[in-house]
Amino acid sequence: MTQNQLQEFRWSLEELLRDSMNKIENICGFLSQKSQSCSIEDSKGSLELDKKRLLALADLEGRMVGEIHQALNRMDRGSYGICVACKGQISLRRLKTYPTARFCTQCKKLIENGSTN
Ligand SMILES: [Zn+2]
């Protein structure tokens, strides 16, 4: 991976991070109010959510933030884009879809098959 490509992934990770932090902030704001539902805006449009779903979303976004931090850490250590299982390169196409990916497509498949069987 070139330095330019790495920089691009860093930018998209930082953007994702801002997105998630915004959502969490919004959710916390709504949860502290008395309203029973709220709408959350994101790149795909706005979502109308009740409290239970808000909590689930906050949980999900919280995990996302953790994954993004881990990906940024790997970038600092120079191991970003390298599969943690087989130490092979994760394809750029996969990283573009999942910038926080830790496994290459093949290992991910093996893991998923393992957990469902
Ligand atoms: Zn792998």
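Just so you know, the residues in each chain are numbered from 1, in the order the chain's sequence is written. Owing to the predicted nature of the model, reporting of local features is limited to residues with pLDDT of at least 70; listing and counting of side-chain atom pairs is limited to 80 or more, with chain, interface and lining totals taken over all residues.

Visitor: Tell me about the overall build of the protein, and name the residues and values.
Guide: In terms of helices and strands, the protein carries 4 helices and 2 strands. Each helix is a run of H or I in the DSSP string that is no shorter than four residues. Each strand is a run of E no shorter than two, and both are numbered from the N terminus. Seen in sequence order, the protein has helices and strands lined up from the N terminus as α-β-β-α-α-α. A residue is called partly exposed when the number of other C-beta atoms within 10 Å of its own lies between 12 and 20, exposed at 12 or fewer, and buried at 20 or more, with C-beta atoms placed from the backbone. The buried share of the protein, reckoned over its 117 residues, is 14%. It is the C-beta atoms, placed from the backbone, that decide contacts: two residues are in contact if theirs lie within 7 Å. Long-range contacts, defined as pairs at least 24 residues apart, comprise 43% of the intrachain contacts of the protein with a sequence gap of at least 6.

Visitor: Just give me the short version of the environment of Ser20, but keep the residues and values in it.
Guide: Residue placement: Ser20 occurs in helix α1 (residues 3-32). A sequence separation of 42 residues divides Ser20 from Gly62, and the C-alpha atoms of the two residues are 7.6 Å apart. Excluding its chain neighbours within four sequence positions, the residues that come into contact with Ser20 are Glu61, Met64 and Val65.

Visitor: If you had to explain the packing of α1 against helix α2 (residues 51-77) to someone new, which residues and values would you point to?
Guide: Geometrically, a packed helix pair is captured by the angle between its two axes and the distance between the axes. Put simply, α1 and α2 touch, their axes get as near as 9 Å, and they point 155° apart. With respect to α2, the axis of α1 lies roughly antiparallel. Note that α1 runs across α2; the crossing there is left-handed. Touching Leu6, Arg10, Leu13, Leu16, Leu17, Ser20, Met21, Lys23, Ile24, Ile27, Phe30 and Leu31 of α1 are Lys51, Leu54, Leu57, Ala58, Glu61, Gly62, Met64, Val65, Ile68, Ala71, Leu72 and Met75, all from α2. Classification used: nonpolar for Ala, Val, Leu, Ile, Met, Phe, Trp, Tyr, Cys and Pro, charged for Asp, Glu, Lys and Arg, polar for all others including Gly. Residues that form the contact of α1 with α2 fall into these classes: 18 nonpolar, 2 polar and 4 charged. In this analysis an axis means a line fitted to C-alpha atoms, helices contributing only their contacting stretch, and an angle means the value between N-to-C directions, from 0 to 180 degrees. Roughly parallel means an angle under 35 degrees; roughly antiparallel, over 145; roughly perpendicular, 65 to 115; everything else is oblique. In a left-handed crossing the near helix is turned counterclockwise from the far helix by less than a right angle, and in a right-handed crossing that turn is clockwise.

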